[in-house]
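Next come the chains, spelled out residue by residue.
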Amino acid sequence: MNEEHADREFAEDLSGEKKLPAIEWLAEQMPGGFFIYRDDEEQEILYVNKPTCRIFGCETLEEFKKLTGYTFRGMVHPDDFLEIQNSIDKQIAEDSAHKMDYVEYRIIRKDGSIRWVDDYGHHANLPGFGDVYYVFIGDITDTRKVKEEQQRNKMLAQALEAAEQASLAKTSFLSNMSHEIRTPITAILGMNEMILRESVNPKILEYSENIRQAGVSLLGIISDILDFSKIEAGKMELTPVKYSLKKQIADIYNLIRFRAEAKALSLDFSIDPNIPDLLIGDELRIKQVVTNLMSNAVKYTEKGSICLKVSMLKKEEDVVELKITIEDTGIGIRKEEMDELLSPFERLDISRNRSIEGTGLGLAITAQLLSLMGSELEVESEYQVGSKFNFTLRQKIADETPIGEFDIYSIDLKKADGGKKRTFFVAPGARILVVDDTPMNLQVIAGLLKRTGVSIDTAESGEECIEKFGENDYHLVFLDYRMPGLDGIETLKELFKRFPDKIKNTPVISLTASAVSGDREKMLQAGFTDYMAKPVNIEEMEEKMARYLPEELTDLLESPLETPVAEILEEYAEIPEVLINSKLINPKDGIEYCGDLEEYIFAINIYKNSIEEKAKLLEKNFSEKDMAAFTLNSHSLKSTSMAIGSSNIFERARALEEAGKEENYDYIYKVLPGFLRDYRSLKEILDKAVYEFEKN
Ligand code: ADP
């Protein structure tokens, strides 16, 4: 059939009357596409309006016919046809009353571009033509794009929200888990610390030391996991402070040397003396990075050496750029495993390293911490030969004074620590309140602090804390953060509200087991005077107490007391005057050595009764030049003098013992008479002491 003719024929037949051109005109005026095709195998198109042709990029009907073969099938993208045809058939079958369908599909335009269209089709039986579809069609490419974009954004937003929720859940799970795990470990380590302090049985001390090591390593693993999750959650922030590089290096040396010594590895430190000593940076995180790398070097090296080198790459006005290299002669890393090195939880060469403890998190944390500091970890390694890890570090200079030459091996760690010494102290007049919901923790803290003589009240909840705080006056409060009921912060708030004057003058230190997200800042902001992480480290606790307790109540000591202060105080009251006034004896040392006053008096009794006999023996040995016997007798005199707290006689007897060994007659000749005079004078003093003691 002639196509032009067919069109006209259809148009004329469509109206059946002379109004045909009007309807056709209307169809042509429609802003959207409209066409009719036969519902048969051929799907021959009976009519298309101009807008339809334009959707296909055709200016004329001829072009459209050429492009589509003038069939419905020819209009649809071949990849979409089957699917939409099925869909149309299905919709029509289900919608017998209205015989409508809706589909979207792609078309290929004349210029080859692909567009999306929507298609509202109606099925009808057209007199004279039989079954046809008449279809409204529109180009929806742009709206579809917008819709898709919206959809994508919505999905992204949902995914983001879900991820944030998951991350929040993870962080909160981890912080809860850390609490749950740390609390019992704290108790275990605390109880164990007491065993370490109080037991004298070497076997038990050995077991106990093993518990300590395993506990500390478990805590290390938990901290690693927490650090990692904190970094992942974007919650890890750097806290720059002023620090001494020398002290930093000394600390690292101190942390690593015992492990290196245990494996007979040599430790070489090479530090450029021109680097300024006082810098500004996140001291703790830098230490963590270097210690991680150094520990790995020691862990994965069986023989040879570990070297830490710090050199200065650049020095600008107030910034220094350092290069830090950690090199070992260890097992090295296979080339093919290099890529996995920094992945979390990834451990290499498992068959060989199974026995080496680790989580595979150390390097992932190290690399991420460095990236937070704007640096990057570089690794060079040769399998079976050794590895070299290095990174650069830009630090602000706090003071230009160079670190200078220093011998790391003889560095006095106490001095490097800013002159800070371990504080041992007693404060029998002080009263503190310790609040923790785990009774075992309270027991541990009270046990560990027993020696200080501080009087300790305990409370197991925020509510009980408030009650006790109201009733009593405390010099210091340790307040656990996580407690059921009122937590630490809420309790502190309540204390501020109810006892504003009293709380102003009472330092309150927060105890917290959680290591996730800026705890320190949170606690200080909430009004705590200071912050301490659990498990309670007794040194830190004593240091804080020495800092915050009123000065007039604390007595700092050079070394710790072995016996709890309270007991000592009681006993000291009973020490005979004559001993306290004697220059030759320190009764406190003697009591400590013997255990208690009664034992001490017992020891004195034995000692004093053998003085004359021993003095005579020494004289005799010397005059007979029997140096073997002389050495032996001064040795025994030396030991017993220690037990009664006479370091004076102890030291002098030791010198005589040495002289005896060396057969140094001149020395003995010179000092023996003076020594024996003082030694004999002890008899009278000790007689009096025993008399005084027994009289009471
Ligand atoms: P791990 O806790 O297993 O030590 P790390 O993340 O610190 O975890 O290290 C990941 C892996 O990289 C280790 O298991 C080890 O196989 C390898 N590795 C790390 N440091 C060294 C090194 N100095 N020499 C050889 N292999 C190393």
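Residues numbered from 1 in each chain as written. Predicted model: local features only at pLDDT ≥ 70, side-chain atom pairs only at ≥ 80, totals over all residues. Heavy atoms only, no water.

### Remarks on the overall build of the protein chain
A tally of regular secondary structure across the protein chain gives 27 helices and 19 strands. Here the protein chain holds 696 residues, and the buried ones make up 45% of them. Put simply, of all contacts in the protein chain between residues at least 6 apart along the chain, 66% involve residues at least 24 apart. Total accessible area on the protein chain is roughly 37200 Å²; 52% of this is exposed by carbon and sulfur atoms. (Helix = DSSP H or I, 4+ residues; strand = E, 2+ residues; numbered from the N terminus. Buried < 20%, exposed > 50% of the residue type's maximum accessible area, 1.4 Å probe, protein only. Contact = heavy atoms within 4.5 Å. Areas by Shrake-Rupley, 256 points an atom, 1.4 Å probe, with all protein chains shown as cover.)

### What about the packing of helix α23 (residues 597-609) against helix α27 (residues 665-695)?
The geometry of α23 relative to α27 is characterised by a closest axis approach of 9 Å and an angle of 140° between their N-to-C directions. On the basis of the axis angle, α23 is oblique to α27. Note that α23 runs across α27; the crossing there is left-handed. Along its contact with α23, which presents Leu597, Ile601, Ile604, Asn605, Tyr607, Lys608 and Asn609, the element α27 presents Tyr679, Leu682, Lys683, Leu686, Asp687, Val690, Phe693 and Glu694. In terms of residue class, the contact of α23 with α27 is built from nine nonpolar, two polar and four charged. (Axes fitted to C-alpha atoms, helices over the stretch in contact; angles between N-to-C directions. Parallel < 35°, antiparallel > 145°, perpendicular 65-115°, else oblique. Left-handed = near helix turned anticlockwise from the far one by under 90°. Nonpolar A, V, L, I, M, F, W, Y, C, P; charged D, E, K, R; others polar.)

### Focus: the site of the ligand
Taken together, 21 residues surround the ligand, and among them Asn296, Tyr300, Asp328, Arg347 and Leu363 come closest. Within the contact set of the ligand, an oxygen atom lies 2.7 Å away from a backbone nitrogen or oxygen of leucine 363. With the chains in place, 97% of the 530 Å² that the ligand exposes on its own is no longer accessible. Every element with two or more residues in the shell around the ligand is listed here: α10 (283-299), α12 (362-372) and β12 (386-402). Among the elements that take part in the shell around the ligand, α10 stands out by supplying three residues, more than any other. Considered class by class, the residues forming the shell around the ligand number nine nonpolar, eight polar and four charged. (Near = heavy atom within 4 Å. Polar contact = N/O pair within 3.5 Å; in protein donor to acceptor, adjacent residues only side chain to side chain.)

### Comments concerning the pattern of salt bridges
All told, the structure shown has 38 salt bridges when counted by the stated rule. Between glutamate 209 and arginine 212 there is a salt bridge whose closest N-O contact spans 2.8 Å. Here glutamate 209 pairs with arginine 212, and both are found in helix α8 (residues 202-232), just three residues apart, close to one helical turn. Of the charged contacts in the structure, one is a salt bridge between glutamate 612 and arginine 680, with a shortest N-O distance of 3.0 Å. Of the two residues, glutamate 612 sits in helix α24 (residues 611-623) while arginine 680 sits in helix α27, which places them 68 residues apart along the sequence. Looking at glutamate 612, the relative accessible area reads 34%, which means it is partly exposed. (Salt bridge = Lys/Arg side-chain N within 4 Å of Asp/Glu carboxyl O.)

### Describing the packing of aromatic side chains
Taken as a whole and judged by the stated rule, the model has 19 aromatic pairs. For the pair phenylalanine 64 and tyrosine 70, a centre-to-centre distance of 6.3 Å together with 85° between the ring planes defines the contact as edge-to-face. Among the residues examined, phenylalanine 64 registers a relative accessible area of 0% and is labelled buried. Aromatic rings pair up to connect Phe35, Tyr37, Phe72, Phe81, Tyr105 and Tyr133 into one cluster. (Phe/Tyr/Trp six-rings, centres within 6.5 Å; stacked < 30°, edge-to-face > 60°.)

### Some details on a nonpolar patch on the surface
Residues Tyr102, Tyr120 and Phe136 make up a contiguous nonpolar surface patch of about 280 Å² in total accessible area. Inspection of the secondary structure puts tyrosine 120 in strand β4 (residues 114-126). (Patch = residues over 30% accessible without salt bridge, like charges linked within 9 Å, V, L, I, M, F, W, Y side chains within 5 Å.)

### Overview of helix α9 (residues 245-262)
Here α9 contains 18 residues, and its C-alpha end-to-end distance of 26 Å stays within 8% of the 26 Å for a straight helix at 1.5 Å per residue. Its maximal kink placed at isoleucine 256, α9 deviates by approximately 40°. The set of residues buried in α9 consists of Leu245, Lys247, Gln248, Ile249, Ala250, Asp251, Ile252, Tyr253, Ile256 and Ala260. A positive phi of about 55° marks alanine 264, the residue just after α9. (Expected span 1.5 Å × (residues − 1). Bend = angle between axes of the 7 residues up to and from the residue.)

### Remarks on the side chain of lysine 614
With respect to the helices and strands, lysine 614 occurs in helix α24. Once you skip the residues sitting within four places of it in the chain, lysine 614 turns out to touch Ser636, Leu637, Thr640 and Tyr679.

### Re the confidence of the model for the protein chain
For the protein chain, mean pLDDT is 84; residues scoring 70 or higher make up 88% of the total. Looking at the elements of the protein chain, mean pLDDT is at its lowest for helix α13 (residues 413-416), recorded as 42, and at its highest for strand β10 (residues 319-328), recorded as 97. Segment residues 1-20 is flagged for pLDDT under 50; beyond a separation of four residues in sequence, or across chains, it makes 21 contacts in the model. Per-residue pLDDT stays below 50 along residues 412-422; that stretch engages in 14 contacts with residues further than four places along the chain or on separate chains. (pLDDT = per-residue confidence, 0-100.)

### Examining the sheet that holds strand β3 (residues 100-108)
Reading across the sheet, the five strands line up as β2-β1-β5-β4-β3 and stay open at both edges, with antiparallel pairing between neighbours. Only two strands of the sheet have a single partner each, and these edge strands are β2 (45-48) and β3. Put simply, the sheet's adjacent strands are angled 25° from each other on average, direction ignored. Sheet topology places β3 next to β4; nine bridges connect them, and they run antiparallel. Pairing of tyrosine 105 across the sheet is with valine 117, part of β4. Relative to the sheet, helix α6 (residues 78-94) contacts β1 (33-38), β3, β4 and β5 (130-139), its axis offset from that of β3 by approximately 175°. (Pairing = 2+ DSSP bridges.)

### Let's talk about the environment of isoleucine 408
Tracing the backbone through its elements, the reader meets isoleucine 408 in the loop between β12 and α13. Isoleucine 408 sits in the buried class, given a relative accessible area of 3%. Distance in space between the C-alpha atoms of isoleucine 408 and serine 270 is 9.1 Å, their sequence separation being 138 residues.

### Topic: the sheet that holds strand β16 (residues 476-480)
Spatial strand order, β15-β14-β16-β17-β18: five strands in an open sheet with parallel pairing. Both outer strands of the open sheet, β15 (455-459) and β18 (530-533), are each paired with one neighbouring strand and no more. With direction set aside, neighbouring strand axes in the sheet form an average angle of 20°. Running over the sheet, helix α15 (residues 462-471) touches β14 (431-435), β15 and β16 and is turned about 140° from β15. Docked against the sheet, helix α19 (residues 538-548) engages β14, β16, β17 (508-512) and β18, running at close to 165° with respect to β18.

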